[in-house]
Amino acid sequence: MGTTIDVAGWPRRGEEGPAVVALGGGHGLSATLRALKHISHRLTAVVTVADDGGSSGRLRREFDCLPPGDLRMALASLCDDSEWGLTWRDVLQHRFEGQGELDNHALGNLLILALWQLLGDDVAGLDWVGRLLTIHGRVVPMSSSPLVIEADIVSGGTSRRVSGQVAVASARGRLENVGMVPQDADAHPEALRAIDEADWVVLGPGSWYTSVLPHLILPAMRQALVNTSARKVVVLNLSAQQGETDGMTSADHLRVLRQYAPDLRLDVVLADPSTVEDVDDLEAVASVMGAAVVLRQVRTGEALCHHDPLRLAAAFRDAFEGALGDVTDKA
């Protein structure tokens, strides 16, 4: 395990780096993107569209639109580090506080919704926001239509079906039979194209059942991930998420992915050594999925469990440049 952080000069002058697709939503995807933009400018964030809480949930219900919140966070994470980019990032992330109808709405959610209504095209609207922030990469939704997550919650010998991302994420008990409604929803063509053309695909970290797993539940997305020639990295979480992954080990997180996508092959499983309970168990599950386990210190030095962008970038760079030996030499 190395702790040296060196991402200077990547992407190299005159190069844009490898084509990387990052899948997920919320804070987990944000952490991945803030790391990846240090090593590539050919980035595509594919974002889940099942959020039904907060500002996103309100706009989704009132305007029958995609929930914009996770898309907004991905755009903000890819912003240019110039004064222009950082200022517009802060504007995008500004949340209104007060007693009126704007209370708790993020300005960026409203801006994205306005562009969607003006242009009549979800991806074009996101591209325009990306131009405003001078982002490095592109943000696209997982599907053209908002989705609903459902799951059976098993607790105390009983099972009940719950619906909605907030309800699933906050339920106490073991999650089973996680599904998406509608079951036959189409994946967004731009998301499928990006996966097909990628050099690397990154899955995780994030809310495992409500941000990461949806990409493997949607049939067209799962098939695209199975078929792509891109190498695949799974980044494991730094801590259990209360309610959603209580009691799950690092290896259990991989078992969930294998349960819902048994044909999915991986190349690298990236984890912070401080979070791995049983290295042998994790390596055994990873090996079945075709992957090597790479342990790197990727968390911040703070008590809170946050990924450090530069440390995570260095770990990605090692994988992408072939510093992991046989991992990147696989046919």
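Quick look at the structure, then. Here the structure is a predicted model, which is why all the values come from computation and not from measurement.

As for the sheet that holds strand 5 (residues 158–163)
No. 1: Ordered in space as 5-4-6, the 3 strands form an open sheet in which the pairing is antiparallel. For this open sheet the edge positions go to strand 5 and strand 6 (174–181), each flanked by a neighbour on one side alone. Averaged over all adjacent pairs, the angle separating strand axes in this sheet is 20 degrees, with direction ignored.
No. 2: Of the strand pairs in this sheet, strand 4 (residues 148–155) and strand 6 are connected by 6 bridges, and their pairing is antiparallel. Directly across from Ile-153, in strand 6, lies its bridge partner Leu-175.

A look at the side chain of Ser-211
No. 1: Among the secondary structure elements, Ser-211 is positioned in helix 9 (residues 208–212).
No. 2: With sequence-adjacent residues up to four places away left out, Ser-211 is seen in contact with Gly-24, Gly-25 and Thr-48.

With respect to the nonpolar core
No. 1: Of all hydrophobic cores here, the largest spans 101 residues; its most connected members are Leu-254, Leu-257 and Phe-316.
No. 2: If you tally residues by element for this core, the top one is helix 14 (residues 309–321), at 6 residues.
No. 3: Beyond its immediate stretch of four places on either side in the chain, Phe-316 contacts Thr-32, Ala-35, Leu-36, Ile-39, Val-202, Val-233, Val-235 and Leu-270.

Let's talk about unusual backbone geometry
No. 1: Each neighbour pair has its own omega, and for Val-181 with Pro-182 the value is 0 degrees, a cis peptide bond.
No. 2: Secondary-structure assignment places Pro-182 in the loop between strand 6 and helix 8 (189–197).
No. 3: Across the junction of Gly-204 and Pro-205, the peptide omega takes the value -5 degrees, indicating a cis bond.
No. 4: Along the chain, the position of Pro-205 falls in the loop between strand 7 (200–203) and helix 9.
No. 5: Of note in this structure, Asp-64 is not a glycine but carries a positive phi near 50 degrees.

A word on a nonpolar patch on the surface
No. 1: Where nonpolar side chains cluster on the molecular surface, the patch consists of Leu-118, Leu-119 and Trp-128 and spans about 350 Å² of accessible area.
No. 2: By the secondary structure assignment, Leu-119 is in helix 5 (residues 107–119).
No. 3: For Leu-119, a relative accessible area of 40% puts it in the partly exposed group.

Things to note about the layout of surface pockets
No. 1: Put simply, the largest pocket is a space of about 980 Å³.
No. 2: As for the largest pocket, its lining consists of 38 residues, and the residues nearest its centre are Gly-26, His-27, Gly-28, Met-73 and Ser-207.
No. 3: Residues of the lining of the largest pocket, tallied by class, amount to 8 nonpolar, 24 polar and 6 charged.

Conventions used here
- Residues numbered from 1 in each chain as written.
- Predicted model: local features only at pLDDT ≥ 70, side-chain atom pairs only at ≥ 80, totals over all residues.
- Heavy atoms only, no water.
- Pairing = 2+ DSSP bridges.
- Helix = DSSP H or I, 4+ residues; strand = E, 2+ residues; numbered from the N terminus.
- Axes fitted to C-alpha atoms, helices over the stretch in contact; angles between N-to-C directions.
- Contact = heavy atoms within 4.5 Å.
- Core = buried A, V, L, I, M, F, W, Y, C linked by side-chain atoms within 4.5 Å.
- Buried < 20%, exposed > 50% of the residue type's maximum accessible area, 1.4 Å probe, protein only.
- Patch = residues over 30% accessible without salt bridge, like charges linked within 9 Å, V, L, I, M, F, W, Y side chains within 5 Å.
- Areas by Shrake-Rupley, 256 points an atom, 1.4 Å probe, with all protein chains shown as cover.
- Salt bridge = Lys/Arg side-chain N within 4 Å of Asp/Glu carboxyl O.
- 1 Å grid on protein atoms, 1.4 Å probe; cavity = no way out; pocket = protein on both sides within 12 Å on 5 of 7 lines; lining within 4 Å.
- Points joined across faces, edges and corners; volume = space filled by probe spheres on them.
- Nonpolar A, V, L, I, M, F, W, Y, C, P; charged D, E, K, R; others polar.

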